[in-house]
Amino acid sequence: LRTMLLVALPVVFQPELRRGLEQIGRGSLFARSMFRPQGEATEKIVEELVTACFDMSSERTGALIVIERETGLEEYMEDAVRIDGLVSSELLENIFVSGSPLHDGAVIIRGDRVVVAASFLPSTQDPVTVELGSRHRAAIGITQVSDALAVVVSEETGTVSLAAGGRLIRGLDAKTLKDKLTETLDPQPASQIFNRGSQK
């Protein structure tokens with residue numbers, strides 16, 4: 001029985017163990033949050049993100065935007081294109097414009113900066129997501145291995161979605177997205193972001 005428990009426990013808690021080991025490997029388990037703008041700075045960043053997402057939604061421009069929180073994402077920046085530009089709707093929309101060499105892959109935001117573009121993220125292996133596109137699977141994947149948030153604009157439908165804690169909310173309007181992005185600054189688990197929303 002003891003042997004069976006030793007085998008079963010790592011299997012049952014595999015996602016949690018994997019996330020913990022990856023955070024330790026990046027030296028980020030006890031890191032401070034890197035997303036620390038306050039007051040008007042926070043409001044400005046969120047406004048720029050929401051504006052960009054819904055401008056791209058109206059044009060059916062696909063996009064994947066990741067907001068780094070406490071878990072470092074350096075591993076996914078190494079082979080990406082360095083940008084290091086202030087977050088703005090114009091910059092984000094130009095990165096993802098159809099035909100741009102940076103269109104594929106994800107943007108990663110740290111603080112008030114767009115650090116990289118064209119970053120390729122781990123795709124979720126969850127079989128229930130098989131009907132989702134590659135951007136949505138990558139958004140879920142990165143939030144399964146970190147505490148990042150990921151915003152997705154669907155190229156096919158223009159639908160705006162938010163992933164956190166390995167879960168996905170689809171079909172957000174601008175106000176809901178704004179509210180949930182603002183909550184990234186709160187010292188709370190990513191799962192609590194879904195308290196006022198449900199998975200669709």
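For the structure, check the block above.
Residues numbered from 1 in each chain as written. Predicted model: local features only at pLDDT ≥ 70, side-chain atom pairs only at ≥ 80, totals over all residues. Heavy atoms only, no water.

### Comments concerning the overall build of the protein
Now for step 1: The helix and strand tally for the protein stands at six helices and seven strands.
Now for step 2: Reading the protein from its N terminus to its C terminus gives the helix and strand order α-α-α-β-β-α-β-β-α-β-β-β-α.
Now for step 3: Taken over 200 residues, the protein has a buried fraction of 47%.
Now for step 4: Across the protein, contacts joining residues at least 24 apart in sequence account for 63% of those joining residues at least 6 apart. (Helix = DSSP H or I, 4+ residues; strand = E, 2+ residues; numbered from the N terminus. Buried < 20%, exposed > 50% of the residue type's maximum accessible area, 1.4 Å probe, protein only. Contact = heavy atoms within 4.5 Å.)

### Side note on the side chain of T129
Now for step 1: Checked against the element boundaries, T129 lands in the loop between β4 (113-119) and α5 (134-144).
Now for step 2: Residues contacting T129, with those up to four places away along its chain left out, are T124, R137 and I140.

### A few points about the pairing of strand β5 (residues 149-153)
Now for step 1: Counting buried residues in β5 gives five out of five residues, a clear majority hidden from the surface.
Now for step 2: Alternating residues of β5 divide into L149, V151 and V153 and A150 and V152, and every residue in both groups is buried.
Now for step 3: Relative to β5, strand β1 (residues 63-67) is paired through five bridges, and the arrangement is antiparallel. From the neighbouring strand, I67 faces β5, where its bridge partner is L149.
Now for step 4: The pairing of β5 with strand β6 (residues 160-164) spans five bridges and is antiparallel. (Pairing = 2+ DSSP bridges.)

### Considering helix α4 (residues 89-96)
Now for step 1: Looking only at α4, the buried set comprises S89, L92, I95 and F96. Buried residues in α4, looked at end-on, bunch into an arc of 130 degrees, giving them a common side. (Arc of directions from axis to C-beta.)

### Observations concerning helix α6 (residues 174-182)
Now for step 1: Taken together, the buried positions of α6 are occupied by L177, K180 and L181. Relative to the axis of α6, the buried residues are bounded by an arc of 100 degrees and lie together on one face.

### Re the nonpolar core
Now for step 1: The biggest cluster of nonpolar side chains holds 30 residues, and the ones touching the most others in it are L49, I65, L92, V107, L177 and L181.
Now for step 2: For this core, the elements supplying multiple residues, two or more each, are α3 (40-58), β1, α4, β3 (106-110), β4, β5, β6 and α6.
Now for step 3: Counting residues per element, this core draws most heavily on α3, at seven residues.
Now for step 4: Contact partners of L49, with chain neighbours within four places excluded, come to I65, I67, V87, L92, I109 and L181.
Now for step 5: Among the nonpolar cores identified, the runner-up in size contains 22 residues, and I108, A139, I142 and V145 belong to it. (Core = buried A, V, L, I, M, F, W, Y, C linked by side-chain atoms within 4.5 Å.)

### Overview of the pattern of salt bridges
Now for step 1: Across all of its chains, the model carries eight salt bridges by this definition.
Now for step 2: Between E47 and K178 there is a salt bridge, and its shortest N-O distance comes to 2.7 Å. Highlighted residues: E47 in helix α3 and K178 in helix α6, separated in sequence by 131 residues.
Now for step 3: Residues joined by salt bridges that share partners form a network here, namely E68, E74, R82 and R110. (Salt bridge = Lys/Arg side-chain N within 4 Å of Asp/Glu carboxyl O.)

### Description of the environment of F54
Now for step 1: Here F54 shows up in helix α3.
Now for step 2: With 35 residues separating them along the chain, F54 and S89 place their C-alpha atoms 9.9 Å apart.
Now for step 3: Look past the residues within four positions of F54 in its chain and what remains in contact with it is V160, L172, D173, A174 and L177.

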